[in-house]
Amino acid sequence: TTTSPARPATMRHTLGRLGDLGASTWEVDTRQGAAGAERGYTLTLRLAPDAPQRLISVTNRLPDALALLPQSLGGGATYDAATHTLLWQDVLSPGTAHVIHYRARTAATLPDSTAVVNSITAGYADQLVPLQLDATTWIGAPDLTESRLAATVLANGAVQTATYTL
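Keep in mind that what you see is a predicted model, and the values were worked out from it rather than measured.

Participant: Lay out the sheet that holds strand β10 (residues 131-139) with the relevant residues and their values.
Facilitator: Read from one edge of the open sheet, six strands run β2-β10-β9-β4-β7-β6, paired in mixed fashion. A single partner strand is all that each edge strand has here, and the edge strands are β2 (32-33) and β6 (78-80).

Participant: Describe the sheet that holds strand β5 (residues 66-74), listing the residues and the values that go with them.
Facilitator: The strand order across the open sheet formed by four strands is β1-β3-β8-β5, and the pairing between neighbours is antiparallel. On the outer flanks of this sheet lie β1 (25-28) and β5, each paired with one strand and no other. The mean inter-strand angle of the sheet, taken between neighbouring strand axes irrespective of direction, is 25°. Judged from the nine bridges that link them, strand β3 (residues 38-46) and strand β8 (residues 97-106) form a sheet pairing that is antiparallel.

Participant: Give a description of unusual backbone geometry that names residues and reports values.
Facilitator: Positive phi, close to 60°, is recorded for H84, a residue that is not glycine. Not every positive phi belongs to a glycine, and S113 is a case in point at roughly 75°. Counting through the fold element by element, S113 comes out in the loop between β8 and β9 (115-123). The exposure class of S113 is exposed, given its relative accessible area of 54%.

Participant: Any chance you could break down the pairing of β10 for me, citing the residues and the numbers?
Facilitator: Summarising burial for β10: seven of the nine residues are buried, a large majority. Judged from the two bridges that link them, β2 and β10 form a sheet pairing that is parallel. Across the sheet, Q32 pairs through a bridge with W138, a residue of β10. For β9 and β10, the ladder comprises eight bridges, and the chain directions are antiparallel.

Participant: So what's going on with the packing of aromatic side chains? Residues and values would help.
Facilitator: Following the criterion strictly, the structure yields three aromatic pairs and no others. Ring centres of W26 and Y102 lie 6.2 Å apart, and the angle between their planes is 50°; this geometry places the pair in the tilted category. Of this pair, W26 sits in strand β1 while Y102 sits in strand β8, and the two are 76 residues apart along the sequence. Taking the relative accessible area as the measure of exposure, W26 reaches 9% and is therefore buried. Members of the aromatic cluster, each reached through a chain of ring pairs, are W26, Y41 and Y102. A cation sits over an aromatic face here: R54 above Y124, 3.9 Å from the ring centre.

Participant: Mind laying out the nonpolar core, listing which residues take part and the relevant values?
Facilitator: Grouped together as the largest cluster of nonpolar side chains are 31 residues, with contacts concentrated most on W26, Y41, L45, I56, W88 and Y102. Within the residue set of this core, elements represented by two or more residues are β1, β3, β4 (54-61), β5, β7 (85-92), β8, β9 and β10. Looking at this core element by element, the count peaks at four residues for β10. Setting aside chain neighbours within four positions, we find I56 in contact with L21, L45, W88, Q89, D90, L92, G123 and Y124.

What counts as what
Residues numbered from 1 in each chain as written. Predicted model: local features only at pLDDT ≥ 70, side-chain atom pairs only at ≥ 80, totals over all residues. Heavy atoms only, no water. Pairing = 2+ DSSP bridges. Helix = DSSP H or I, 4+ residues; strand = E, 2+ residues; numbered from the N terminus. Axes fitted to C-alpha atoms, helices over the stretch in contact; angles between N-to-C directions. Buried < 20%, exposed > 50% of the residue type's maximum accessible area, 1.4 Å probe, protein only. Phe/Tyr/Trp six-rings, centres within 6.5 Å; stacked < 30°, edge-to-face > 60°. Lys NZ or Arg CZ within 6 Å of the ring centre and 35° of its normal. Core = buried A, V, L, I, M, F, W, Y, C linked by side-chain atoms within 4.5 Å. Contact = heavy atoms within 4.5 Å.

See the structure below:
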(Lines give C-alpha, C1' and ligand atoms only; values in the text may rest on other atoms or scores of the structure.)
Protein backbone atom coordinates (compact mmCIF):
# COMPACT_ATOMS: atom_id res chain seq x y z
CA THR A 1 0.00 0.00 0.00
CA THR A 2 1.31 3.44 -0.88
CA THR A 3 0.68 6.59 1.05
CA SER A 4 -1.67 9.16 -0.41
CA PRO A 5 0.98 11.54 -1.88
CA ALA A 6 2.89 8.67 -3.55
CA ARG A 7 -0.16 6.96 -5.04
CA PRO A 8 -0.60 9.17 -8.17
CA ALA A 9 3.06 8.81 -9.19
CA THR A 10 2.94 5.06 -8.63
CA MET A 11 -0.19 4.77 -10.77
CA ARG A 12 1.37 6.85 -13.60
CA HIS A 13 4.48 4.65 -13.60
CA THR A 14 2.41 1.46 -13.64
CA LEU A 15 -0.45 2.37 -15.97
CA GLY A 16 1.83 4.09 -18.48
CA ARG A 17 3.56 0.73 -19.00
CA LEU A 18 0.26 -0.74 -20.23
CA GLY A 19 0.07 1.59 -23.26
CA ASP A 20 1.58 1.25 -26.72
CA LEU A 21 4.93 2.62 -25.46
CA GLY A 22 5.18 0.16 -22.55
CA ALA A 23 8.34 -1.56 -23.83
CA SER A 24 10.29 1.72 -23.90
CA THR A 25 13.35 2.16 -21.69
CA TRP A 26 15.05 5.14 -20.01
CA GLU A 27 18.55 4.42 -18.70
CA VAL A 28 21.53 6.15 -17.15
CA ASP A 29 24.96 4.67 -17.90
CA THR A 30 26.38 5.23 -14.41
CA ARG A 31 24.11 4.52 -11.46
CA GLN A 32 26.59 5.85 -8.93
CA GLY A 33 29.62 8.12 -8.94
CA ALA A 34 31.19 11.34 -7.78
CA ALA A 35 29.50 14.73 -7.80
CA GLY A 36 30.48 16.75 -10.87
CA ALA A 37 30.86 13.67 -13.09
CA GLU A 38 29.21 13.12 -16.47
CA ARG A 39 26.37 10.67 -16.96
CA GLY A 40 24.94 9.34 -20.21
CA TYR A 41 21.17 9.07 -20.61
CA THR A 42 19.43 6.98 -23.29
CA LEU A 43 15.72 6.85 -24.05
CA THR A 44 14.60 4.09 -26.39
CA LEU A 45 11.00 4.60 -27.44
CA ARG A 46 9.36 1.41 -28.69
CA LEU A 47 5.91 1.45 -30.26
CA ALA A 48 4.06 -1.87 -29.95
CA PRO A 49 3.83 -3.91 -33.18
CA ASP A 50 0.03 -4.03 -32.97
CA ALA A 51 -0.35 -0.29 -32.29
CA PRO A 52 -1.47 2.19 -34.93
CA GLN A 53 1.00 4.76 -36.22
CA ARG A 54 1.20 7.47 -33.55
CA LEU A 55 2.48 11.01 -33.07
CA ILE A 56 4.66 10.63 -29.95
CA SER A 57 5.70 13.48 -27.67
CA VAL A 58 8.50 13.34 -25.09
CA THR A 59 9.24 15.82 -22.30
CA ASN A 60 12.29 15.62 -20.06
CA ARG A 61 12.56 18.42 -17.48
CA LEU A 62 16.10 17.89 -16.22
CA PRO A 63 16.50 18.10 -12.44
CA ASP A 64 18.40 21.16 -11.19
CA ALA A 65 21.26 18.84 -10.21
CA LEU A 66 21.97 18.04 -13.90
CA ALA A 67 23.53 20.27 -16.57
CA LEU A 68 23.01 19.08 -20.15
CA LEU A 69 26.08 18.99 -22.39
CA PRO A 70 24.27 20.37 -25.49
CA GLN A 71 26.77 19.04 -28.05
CA SER A 72 25.95 15.48 -26.92
CA LEU A 73 22.21 15.68 -27.67
CA GLY A 74 21.18 13.16 -30.32
CA GLY A 75 18.03 11.68 -31.73
CA GLY A 76 16.37 14.85 -32.97
CA ALA A 77 15.40 16.26 -29.58
CA THR A 78 15.64 19.97 -28.82
CA TYR A 79 16.69 21.61 -25.57
CA ASP A 80 15.20 24.75 -24.06
CA ALA A 81 17.86 26.12 -21.70
CA ALA A 82 15.44 28.64 -20.16
CA THR A 83 13.15 25.88 -18.86
CA HIS A 84 15.85 23.19 -18.57
CA THR A 85 13.63 20.96 -20.71
CA LEU A 86 14.30 18.52 -23.52
CA LEU A 87 11.50 18.03 -26.07
CA TRP A 88 10.92 15.62 -28.95
CA GLN A 89 7.93 14.91 -31.15
CA ASP A 90 7.58 12.71 -34.22
CA VAL A 91 5.53 9.92 -35.74
CA LEU A 92 6.43 6.31 -34.90
CA SER A 93 5.20 3.39 -36.97
CA PRO A 94 4.08 0.11 -35.39
CA GLY A 95 6.97 -2.06 -34.18
CA THR A 96 9.58 0.68 -34.59
CA ALA A 97 11.95 2.27 -32.11
CA HIS A 98 13.57 5.69 -31.78
CA VAL A 99 16.59 6.53 -29.61
CA ILE A 100 17.30 9.87 -27.91
CA HIS A 101 20.53 10.25 -25.98
CA TYR A 102 22.61 12.90 -24.23
CA ARG A 103 25.25 13.46 -21.59
CA ALA A 104 24.81 15.62 -18.52
CA ARG A 105 27.05 16.65 -15.64
CA THR A 106 25.89 16.39 -12.03
CA ALA A 107 26.35 19.44 -9.81
CA ALA A 108 29.75 19.42 -8.12
CA THR A 109 28.27 20.50 -4.77
CA LEU A 110 25.92 17.54 -4.26
CA PRO A 111 26.50 15.70 -0.97
CA ASP A 112 27.14 11.96 -0.85
CA SER A 113 24.04 9.73 -0.84
CA THR A 114 22.05 12.19 -2.97
CA ALA A 115 19.71 10.56 -5.45
CA VAL A 116 19.43 12.44 -8.75
CA VAL A 117 16.15 11.34 -10.32
CA ASN A 118 15.77 12.25 -14.00
CA SER A 119 12.21 11.66 -15.30
CA ILE A 120 10.73 11.55 -18.77
CA THR A 121 7.12 11.61 -19.88
CA ALA A 122 6.16 10.15 -23.25
CA GLY A 123 2.75 9.81 -24.79
CA TYR A 124 0.31 10.29 -27.63
CA ALA A 125 -2.92 12.23 -28.04
CA ASP A 126 -5.51 9.66 -26.93
CA GLN A 127 -3.41 8.04 -24.20
CA LEU A 128 -5.20 8.44 -20.86
CA VAL A 129 -2.07 7.93 -18.73
CA PRO A 130 1.25 8.83 -20.38
CA LEU A 131 4.36 6.75 -19.84
CA GLN A 132 6.58 8.11 -17.08
CA LEU A 133 10.04 6.65 -16.50
CA ASP A 134 12.81 7.54 -14.05
CA ALA A 135 16.58 7.09 -14.35
CA THR A 136 18.29 7.48 -10.99
CA THR A 137 21.96 7.99 -10.22
CA TRP A 138 23.45 8.19 -6.73
CA ILE A 139 26.19 10.57 -5.68
CA GLY A 140 29.06 9.15 -3.64
CA ALA A 141 27.42 5.75 -3.28
CA PRO A 142 29.57 2.61 -3.40
CA ASP A 143 29.69 0.75 -6.70
CA LEU A 144 28.19 -2.67 -6.01
CA THR A 145 27.69 -3.72 -9.64
CA GLU A 146 30.35 -6.45 -9.39
CA SER A 147 29.11 -7.63 -6.00
CA ARG A 148 27.43 -10.91 -5.29
CA LEU A 149 25.02 -11.84 -2.52
CA ALA A 150 25.32 -15.40 -1.22
CA ALA A 151 23.28 -17.13 1.44
CA THR A 152 24.02 -20.27 3.43
CA VAL A 153 21.68 -22.00 5.84
CA LEU A 154 22.92 -24.21 8.66
CA ALA A 155 20.41 -26.47 10.36
CA ASN A 156 20.99 -27.67 13.91
CA GLY A 157 17.91 -29.59 14.93
CA ALA A 158 14.93 -27.24 14.97
CA VAL A 159 17.19 -24.16 14.71
CA GLN A 160 18.23 -22.79 11.36
CA THR A 161 20.84 -20.07 10.98
CA ALA A 162 21.03 -18.11 7.73
CA THR A 163 24.23 -16.25 6.88
CA TYR A 164 24.31 -13.69 4.07
CA THR A 165 27.58 -12.58 2.52
CA LEU A 166 27.93 -9.59 0.24
